[in-house]
Amino acid sequence: LIPHIPFLRDLGFMSRMFKIPILILKRCCLVVLLGVGCNSQVMGLASDNFNQILTLAIEGDRLQLQQLIQQGGSIDVVDRRGRSVVLLVTMKSNMQALRLLIELGADVDFYDETKSQEVIDQTAFLYAGAQGMNEAVALLINAGAKPDIYNYYGGTALIPAAEKGHVDTVKLLLEDSKIDINHVNNLGWTALMEAVILSDGGLKHQQIVALLLAYGADPDITDKQGVSVLKHARDRGFAAIVELLIK
């Protein structure tokens, strides 16, 4: 185990710098590791079979995955950043693998909160929404993905979808999921707010603003400074959006 632990690669340097025999350094490190429990979770490494399951899913090896499950194994495992196999295949745009994992009963919302604190989109649903991956979004909605798991910024999948101009994704989320249209993220912004202040006011964002308003977005929700969506639109010269907001 010792040669594969990243920080032990620098023991030679430490030995020369502090003039401590390398054997003593190795023994000290081993004592510390044993004291805290030297396992993959403590060391922040991926679960032992994460790469195996990811490879099997990508290769479409249903039989091997079924055998693993039948033998008491789980396909709900994470890498060192707390990301699930479901999320990784989604990030690779591998819809065949995503379907396979869903059919085998994978938890599409699974992630390790203790390891994923620096991950922007912790679940496949969040990632697919933000990236405008409509096929994945539809699969995940049908698989029961939770719309109230929030990303790094405390937002729903709808908010970045609106910001990035993914018109069809916004429509899909509004029509087929129970996502909170007026959710406010940690920055103090709703999907409607982001569709204005982080956009160019072009046709796609005009369509998104119209969709959000049609489905009940509240234009009276202000940002943390008390500024309304309407004022932001006027300040940016988004005449078409202003017209939508004052109808």
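See the structure shown above.
Residues numbered from 1 in each chain as written. Predicted model: local features only at pLDDT ≥ 70, side-chain atom pairs only at ≥ 80, totals over all residues. Heavy atoms only, no water.

1. Digging into the nonpolar core
- Counting 65 residues, the largest nonpolar core has Val 85, Phe 125, Leu 140, Leu 158, Val 170, Leu 173 and Leu 212 as the members making the most contacts within it.
- Per-element tally for this core: the top contributor is helix 11 (residues 191-197), with six residues. (Core = buried A, V, L, I, M, F, W, Y, C linked by side-chain atoms within 4.5 Å. Buried < 20%, exposed > 50% of the residue type's maximum accessible area, 1.4 Å probe, protein only. Helix = DSSP H or I, 4+ residues; strand = E, 2+ residues; numbered from the N terminus.)

2. A word on helix 12 (residues 203-214)
- If you check helix 12, its first and last C-alpha atoms are 16 Å apart, about what 12 residues at 1.5 Å a residue would give, namely 16 Å.
- Listing the buried residues of helix 12 in full gives His 205, Ile 208, Val 209, Leu 211 and Leu 212. For helix 12, the angular spread of buried residues about the axis comes to 160°, placing them on one side. Facing away from the buried surface of helix 12 by more than 90 degrees, the exposed residues are Leu 203 and Ala 214.
- Among the structural elements, helix 9 (158-163), helix 10 (167-176), helix 11 and helix 14 (239-246) are those in contact with the buried residues of helix 12.
- Gly 216 lies just past helix 12 and shows a positive phi near 105°. (Expected span 1.5 Å × (residues − 1). Arc of directions from axis to C-beta. Contact = heavy atoms within 4.5 Å.)

3. Some words on helix 3 (residues 50-59)
- Along helix 3, the residues that are buried comprise Phe 50, Ile 53, Leu 54, Leu 56 and Ala 57. Buried positions in helix 3, seen along its axis, are confined to an arc of 165° and lie on one side of it. The outward face of helix 3, more than 90 degrees from its buried face, is lined by the exposed residues Asn 51 and Glu 59.
- Where helix 3 is buried, its residues touch helix 4 (62-70), helix 5 (85-91) and helix 6 (95-103).
- Of the residues trailing helix 3, Gly 60 is marked for its positive phi of about 70°.

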